[in-house]
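# Commentary on secondary and tertiary structure
The lines below spell out each chain.
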Amino acid sequence: RHKVQDFLEPLIVSWGWEAEEPGLSPFIDHHEQQGTRDLAAFLSVPTAIKFQEENNWPAVRKHCHALALELRQQLIELTGNPALTPSSEDWFVQMFAVQVPTLEPNALQKRLYDDHHIEGVAYIWNQLPLLRVSIAAYNDENDCESLLRALKAILPSNT
């Protein structure tokens, strides 16, 4: 809000602090540019494209989607909750969310990591407790099984 902008100071004093051509808002001048832009991410794009070409990434993506589809179905059966989206790649490829029977997603996320060494994201969205699952090129059936075993151990037994 405009009336609280004067209370905020940028973490980094950079190009806009004493702008040669000040804009209409000192707040925007002070906060818009923060240091020199790091071009490393842009410069890595050609190598990332080459890597995907050399490793048949469309096939990798299809394999990840197949794993995700299978795991999602198993999680739906485990929880008894309906799918949140259709199975089509138009809706998801490698990442999906499933409704889980817990209202304490932080506790679920912590137990997955602490007890089973599984990194996951659990949260509440639209009053639904969800677990977000990502399948990457390095994941396989054993990883999916590990998540299923962990959730069977953590979630209430009536699921």
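What comes next is a walk through the structure.

Conventions and cut-offs
- Here the residue index of a chain counts from 1 through its sequence in written order.
- Where totals are concerned, whole chains, interfaces and linings use all residues; where local detail is concerned, this predicted model gives features only for residues with pLDDT of at least 70, and gives and counts side-chain atom pairs only at 80 or more.
- Side-chain measures were taken over the full set of non-hydrogen atoms in the model, leaving aside hydrogen atoms and water.
- Strands here are runs of E lasting at least two residues and helices are runs of H or I lasting at least four, both read from the DSSP assignment and numbered beginning at the N terminus.
- Radius of gyration: over C-alpha atoms. The globule rule applied is 2.2 Å multiplied by the number of residues raised to the 0.38 power.
- For the exposure calls, accessible area comes from a 1.4 Å probe over protein chains only, and a residue counts as buried if that area is under 20% of its type's maximum, exposed if over 50%, partly exposed in between.
- A contact between two residues is defined here by any heavy atoms of the two lying within 4.5 Å.
- Exposure was quantified through the Shrake-Rupley algorithm and a 1.4 Å probe, taking into account, for residues, occlusion by the shown protein chains and nothing else.
- Neither His nor the chain ends contribute to the count of charged residues, in which Lys and Arg are positive and Asp and Glu negative.
- All charge positions are set by atom: Lys at NZ, Arg at CZ, Asp at CG, Glu at CD.
- The definition of a polar contact used here is a pair of N or O atoms within 3.5 Å, where within protein one atom must be able to donate a hydrogen and the other to accept one, and adjacent residues in sequence count solely through side-chain atom pairs.
- For salt bridges, the criterion is a side-chain nitrogen of Lys or Arg within 4 Å of an Asp or Glu carboxyl oxygen.
- Two strands are said to pair when DSSP picks up at least two bridges between them.

### Re the overall build of the chain
Each helix and strand counted, the chain has six helices and three strands in total. Start at the N end of the chain and walk to the C end: the helices and strands fall as α-α-α-α-β-α-β-β-α. The C-alpha atoms of the chain give a radius of gyration of 22 Å, which is well past the 15 Å a tight globule of 159 residues would have. With respect to the three principal axes, the spread of C-alpha positions in the chain is 65 × 45 × 30 Å. Within the span of the chain, comprising 159 residues, buried residues form 28% of the whole. Considering only contacts within the chain whose residues lie at least 6 apart along the sequence, 55% involve residues at least 24 apart. For the chain, the exposed area adds up to about 11700 Å²; of that, 54% sits on carbon and sulfur atoms. Once the 12 positive and 22 negative side-chain charges of the chain are each reduced to a mean point, those two points are 7 Å apart.

### A short note on the side chain of Thr102
As for its placement among the helices and strands, Thr102 is situated in the loop between β1 (95–99) and α5 (105–116). When its relative accessible area of 18% is taken as the criterion, Thr102 is described as buried. Within the local environment of Thr102, its side chain forms a polar contact with the backbone nitrogen of Glu104, the two atoms lying 3.1 Å apart. Among residues more than four places away in sequence, those in contact with Thr102 are Leu108 and Pro129.

### A closer look at the pattern of salt bridges
Close approach of charged atoms allows side chains with opposite charge to pair. Inspection of the entire model under this criterion finds four salt bridges. One salt bridge in this structure joins Glu54 and Lys50, with 3.8 Å as the shortest N-O distance. On the criterion of helical spacing, the pair formed by Glu54 and Lys50 is a turn pair, its members being four residues apart in helix α3 (residues 45–54). Asp114 is the partner of Lys110 in a salt bridge, and the nearest nitrogen-oxygen pair spans 2.5 Å. A residue pair is termed a helical-turn pair when its members lie 3 or 4 positions apart in one helix, as Lys110 and Asp114 do in helix α5 at four residues. For Asp114, a relative accessible area of 40% puts it in the partly exposed group.

### What to know about the pairing of strand β2 (residues 121–125)
Direction of pairing for β2 relative to strand β3 (residues 128–134): antiparallel, over a ladder of five bridges. Pairing of Tyr123 across the sheet is with Leu130, part of β3. The turn linking β2 back onto β3 is made up of two residues, and Asn126 within it adopts a positive phi angle of 50°.

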